Amino acid sequence: NAGVTQTPKFQVLKTGQSMTLQCAQDMNHEYMSWYRQDPGMGLRLIHYSVGAGITDQGEVPNGYNVSRSTTEDFPLRLLSAAPSQTSVYFCASSYSRVEKEKLFFGSGTQLSVL
Amino acid sequence: AQSVTQLGSHVSVSEGALVLLRCNYSSSVPPYLFWYVQYPNQGLQLLLKYTTGATLVKGINGFEAEFKKSETSFHLTKPSAHMSDAAEYFCAVSGTGTASKLTFGTGTRLQVTL
């Protein structure tokens, strides 16, 4: 059982470049979310989804887009990367929106924007 | 509105000593409270959670936490630290509704020394 898989593990971008962070889970979880982790700031919610075809904004959505075409996948897109988006990104999933706090996390993507 | 304050960004204990990580919360509704642990280069894992009922909650790896409403606290303890407990620990709070969000604290890094 792979759980939550994130790719890539590391990425360096130049300002203005675009990229997609991939997230896939094989637990048939209804709820998926993206967080960014910055030193001294804990984890902040970027976007989340309560099921295929349904997404919503979290605390810090600006500069990021998401879509949820299948239950398994929840990619995060940076359309025009900025240095302020340098961070560690975590994808997480949960069995349902009721149990959304019992999150299963991926191992993270470390992103540097130069 | 809800928030979490973790007192002490770094805590160092000797192996075999008591572990005490402090967490205070603010919430306008009855809270759900959580502790997550992050080992190096990994995603977060749920350690324990309080929703309703018994205020003393036991988690994995010998950790426990007590919900004290009068003190708005949810401190994490372990009677005897082990080297493998070295990690970063995050307290988090959520409301009880399905639309509520999970808010993380800034984390406490636990160091265990010989």
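Below you will find a few notes about this structure. (Residues numbered from 1 in each chain as written. Chains lettered and ligands numbered in written order. Predicted model: local features only at pLDDT ≥ 70, side-chain atom pairs only at ≥ 80, totals over all residues. Heavy atoms only, no water.)

With respect to the pattern of salt bridges
Residue and element names in this part refer to chain B.
Part 1: Under the counting rule described, the total for this entry stands at five salt bridges over all chains.
Part 2: With a closest N to O distance of 2.8 Å, E64 and K58 form a salt bridge.
Part 3: The class for E64 is partly exposed, based on a relative accessible area of 23%.
Part 4: Accessibility expressed as a relative area gives 61% for K58, which makes it exposed.
Part 5: The salt bridge partner of E88 is R109, with a shortest N-O separation of 2.9 Å. Placement of E88 in strand β9 (residues 87-94) and of R109 in strand β11 (residues 108-113) is noted, with a sequence separation of 21 residues between them. (Salt bridge = Lys/Arg side-chain N within 4 Å of Asp/Glu carboxyl O. Buried < 20%, exposed > 50% of the residue type's maximum accessible area, 1.4 Å probe, protein only. Helix = DSSP H or I, 4+ residues; strand = E, 2+ residues; numbered from the N terminus.)

Focus: the packing of aromatic side chains
Within a pair of aromatic rings, the relevant descriptors are the distance that separates the centres and the angle that separates the planes.
Residues and elements named next belong to chain B.
Part 1: On inspection of all chains with the given rule, the structure shows 10 aromatic pairs over all chains.
Part 2: Aromatic pair Y50 and F67: ring centres 4.4 Å apart, planes at 25°, arrangement stacked. Here F67 lies in strand β7 (residues 64-68) and Y50 lies in strand β5 (residues 44-50), a separation of 17 residues in the sequence. The pair Y50 / F67 is uniform in exposure class, with both members buried.
Part 3: Taken together, a centroid distance of 5.5 Å and an interplanar angle of 45° make the contact between F63 and Y89 tilted. Within this pair, whereas F63 is found in the loop between β6 (56-58) and β7, its partner Y89 is found in strand β9, the two being separated by 26 residues in sequence.
Part 4: Among the residues examined, Y89 registers a relative accessible area of 0% and is labelled buried. (Phe/Tyr/Trp six-rings, centres within 6.5 Å; stacked < 30°, edge-to-face > 60°.)

Focus: the sheet that holds strand β3 (residues 19-27) of chain B
Residues and elements named next belong to chain B.
Part 1: Spatial ordering of the open sheet is given by β1-β3-β8-β7-β6, a layout of five strands whose pairing is antiparallel. If you trace the sheet from one side to the other, it starts and ends with β1 (2-7) and β6, each paired once. Strand-to-strand twist across the sheet, computed as the mean angle between neighbouring axes with direction ignored, equals 20°. (Pairing = 2+ DSSP bridges. Axes fitted to C-alpha atoms, helices over the stretch in contact; angles between N-to-C directions.)

Considering the interface of chain A and chain B
Part 1: Taken together, the contacts link 20 residues of chain A with 21 residues of chain B.
Part 2: Along the contact surface separating chain A from chain B lie zero salt bridges.
Part 3: Applying the counting rule to chain A against chain B returns two residue pairs in polar contact (both at pLDDT 80 or more).
Part 4: If you list the elements that add at least two residues to the side of chain A that touches chain B, you get β4 (31-38) and β5 (42-51) of chain A.
Part 5: In terms of residue count, β5 of chain A provides more of the side of chain A that touches chain B than any other element does, four residues in total.
Part 6: Residue classes in the side of chain A that touches chain B are distributed as nine nonpolar, six polar and five charged. (Contact = heavy atoms within 4.5 Å. Polar contact = N/O pair within 3.5 Å; in protein donor to acceptor, adjacent residues only side chain to side chain. Nonpolar A, V, L, I, M, F, W, Y, C, P; charged D, E, K, R; others polar.)

A closer look at the state of the cysteines
All names here are of chain B.
Part 1: Applying the stated criterion across every chain, the model contains two disulfides over all chains.
Part 2: Across the disulfide from C23 sits C91; the S-S distance is 2.0 Å. Its S-S torsion of about -65° marks the bond between C23 and C91 as left-handed, since a negative value means left-handed. Here C23, found in strand β3, pairs with C91, found in strand β9; they are 68 residues apart in sequence, far enough to count as distant. As far as the burial class goes, C23 and C91 line up, both buried. (Disulfide = S-S within 2.5 Å.)

Observations regarding the sheet that holds strand β8 (residues 76-78) of chain A
Residues and elements named next belong to chain A.
Part 1: Spatial ordering of the open sheet is given by β1-β3-β8-β7, a layout of four strands whose pairing is antiparallel. Single-partner strands in this sheet number two, and they are β1 (4-7) and β7 (64-66). Strand-to-strand twist in this sheet, taken as the mean axis angle between neighbours without regard to direction, amounts to 20°.
Part 2: Where β1 and strand β3 (residues 19-25) come together, four bridges link them in antiparallel fashion. Within β3, the residue paired with T7 across the bridge is Q22.

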